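Listed here are the chains, written in short residue letters.
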Amino acid sequence: MLAGSGLRAHGQKKDFISNPILPGYFADPAVIKEKDTYYIYATIDPWGGEELAVFETKDFKNFTRRHLNWPTKKACTSPTSAGAMVWAPAVKKAPDGKFYMYVSVGSEIWAGVSKSPLGPWKNAKPDNTPLVAQNHFPVVHNIDADLFIDDDGQAYLYWGSGFNWVNGHCMAVKLKKDMITFDGLPQEVTPPQYFEGPHMIKRNGKYYLMFSEGKAIDATYRVGYAVGNNPFGPFKYGENSPILSTSADSTTYGPGHHTVFQEKGQDYILYHRIFPQKEEYVLRQLCLDSLRYDAKGNFLKVQPQGVQPWVQSKKKSR
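Residues numbered from 1 in each chain as written. Predicted model: local features only at pLDDT ≥ 70, side-chain atom pairs only at ≥ 80, totals over all residues. Heavy atoms only, no water.

Asker: Kindly report on the overall build of the protein chain, identifying the contributing residues and their values.
Answerer: Check the secondary structure of the protein chain and you find zero helices and 20 strands. The globule rule puts the C-alpha radius of gyration for 318 residues at 20 Å, and the 18 Å found for the protein chain is close to it. Each principal axis of the C-alpha atoms in the protein chain carries an extent, and together these give about 55 × 45 × 40 Å. The contacts in the protein chain between residues at least 6 apart in sequence include a share of 48% that link residues at least 24 apart. About 14,400 Å² of surface is accessible on the protein chain, with carbon and sulfur atoms providing 50% of the total. Put simply, the protein chain has 37 plus and 31 minus side-chain charges, and the middle of one group is 7 Å from the middle of the other. (Helix = DSSP H or I, 4+ residues; strand = E, 2+ residues; numbered from the N terminus. Rg over C-alpha atoms; globule rule 2.2 N^0.38 Å. Contact = heavy atoms within 4.5 Å. Areas by Shrake-Rupley, 256 points an atom, 1.4 Å probe, with all protein chains shown as cover. Lys, Arg positive; Asp, Glu negative; His and termini not counted. Charge placed at Lys NZ, Arg CZ, Asp CG, Glu CD.)

Asker: Give a detailed account of the side chain of Glu 263, specifying residues and quantitative values.
Answerer: Residue position: Glu 263 is located in strand S18 (residues 256–263). A residue is classified by how much of its surface remains accessible, and Glu 263, at 7% relative accessible area, is buried. A distance of 2.9 Å separates polar atoms of two side chains, one belonging to Glu 263 and the other to Lys 33. In contact with Glu 263, not counting residues within four places along its chain, are Lys 33, Tyr 38, Tyr 268 and Trp 310. (Buried < 20%, exposed > 50% of the residue type's maximum accessible area, 1.4 Å probe, protein only. Polar contact = N/O pair within 3.5 Å; in protein donor to acceptor, adjacent residues only side chain to side chain.)

Asker: Account for the pattern of salt bridges, naming residues and giving values.
Answerer: Tallied over the full model, the rule gives eight salt bridges. In this structure, Asp 151 and Lys 202 form a salt bridge, with 3.0 Å as the shortest nitrogen-oxygen distance. Residue Asp 151 is found in the loop between strand S10 (146–149) and strand S11 (155–159), and its partner Lys 202 is found in strand S14 (residues 196–203); the two are separated by 51 residues along the sequence. Judged by relative accessible area, which is 67%, Asp 151 ranks as exposed. Via salt bridges that share partners, Asp 150, Asp 151 and Lys 202 belong to a single interconnected network. (Salt bridge = Lys/Arg side-chain N within 4 Å of Asp/Glu carboxyl O.)

Asker: Outline the packing of aromatic side chains, supporting the account with residue identities and numerical values.
Answerer: According to the stated counting rule, one finds 18 aromatic pairs in the structure shown. Seen from their ring centres, Tyr 208 and Phe 299 are 5.2 Å apart, and the 90 degrees between their planes marks the pair as edge-to-face. Here Tyr 208, found in strand S15 (residues 206–213), pairs with Phe 299, found in the segment after strand S20 (283–291); they are 91 residues apart in sequence, far enough to count as distant. In this pair, the class of Tyr 208 matches that of Phe 299, namely buried. Joined through ring pairs, the aromatic side chains of Tyr 38, Phe 60, Phe 63, Phe 261 and Tyr 268 make up one cluster. Directly above the aromatic system of Tyr 293 lies the positively charged group of Arg 203, at a separation of 3.5 Å from the ring centroid. (Phe/Tyr/Trp six-rings, centres within 6.5 Å; stacked < 30°, edge-to-face > 60°. Lys NZ or Arg CZ within 6 Å of the ring centre and 35° of its normal.)

Asker: Provide a residue-level description of the confidence of the model for the protein chain, including the pertinent values.
Answerer: Of the residues in the protein chain, 93% have a pLDDT of 70 or more, and the chain-wide mean is 93. Every residue in residues 5–11 scores below 50 in pLDDT, and together they form 11 contacts with partners more than four places removed in sequence or on other chains. Low pLDDT, under 50, characterises residues 312–318; the predicted model gives this stretch five contacts beyond four residues in sequence or across chains. (pLDDT = per-residue confidence, 0-100.)

Asker: Just give me the short version of the sheet that holds S14, but keep the residues and values in it.
Answerer: A sheet is described by the order of its strands in space; here four strands give the open sequence S14-S15-S16-S17, paired in antiparallel fashion. Whereas interior strands pair on both sides, the edge strands pair on one side only; in this sheet they are S14 and strand S17 (236–237). With two bridges joining them, strand S16 (residues 222–228) and S17 adopt antiparallel strand pairing. What sits directly across from Ala 226, in S17, is Tyr 237. (Pairing = 2+ DSSP bridges.)

Asker: How would you explain unusual backbone geometry if you had to name every residue and give the values?
Answerer: Cis geometry marks the peptide bond from Gly 119 to Pro 120, where omega comes out at 10 degrees. Within the secondary structure, Pro 120 sits in the loop between strand S8 (108–114) and strand S9 (122–123). Here the amide bond leading from Ser 241 into Pro 242 is cis, since omega sits at 0 degrees, within 30 degrees of zero. Phi is positive for Asn 128, which is not a glycine, with a value near 60 degrees.

What follows is the structure, encoded as structure tokens:
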């Protein structure tokens, strides 16, 4: 059992969820809730491992680390794969009741399916090939997939990064009910300032394509967003964007590659921040903050400070 390791600011309650939310170095989080339990899937730092890190929690204070049988670097390697390890999962429960994962391995997107959050998982494609191979879209770094399911149950897949930190591309495609067959050709929907890490949410009939800007290894990394009237845009750069950036005191440094979830009517942003050090790689920590909007639906700037608890663990309940 792991406990959160963040320090509490003066005046915060004992059970305040502070940042980082757990010890260790992890990045690119995805989260789902099944019954009363959250499952967080993340990249293992530095730069990915042979598998993903997975944490189970009911309160974002106490975490149990779990193990998945899939994806692994060995199971997700094809003739076109590059050397990159297991990165950046996206997990959602589809209308068919199954769980689907879209994960980056070897600079390719792989799709997995399971009947439960902890598996057993397997490649969703019967032939065990990647969903998007490294060479499918040569100008796109084919990583960082995100699954969005619209109100009508229609699923969309987003993905894409750039090379040399300057030319991010975002691809989008509608998925058929099997969650692995493209319904039409993928198209580029890249919004202004985009580099990688797309994440789509919908509010009041508008489509908010969130993403990471800047360079993933330094203080320029940050969270931005753009707004469109349909899942394919076009997308207009959002008011107050970027909404989460390196703080003036560098306590929050290079925040990005996030996901959004809702609990008790409040939206939360789960993301990673960089733990600066002198090596040639970065180490990152998982953080949680509240996500708020103005009266017109624009995102407000995120204040990195942790959040008040919304779920009491059974151990503390009376």
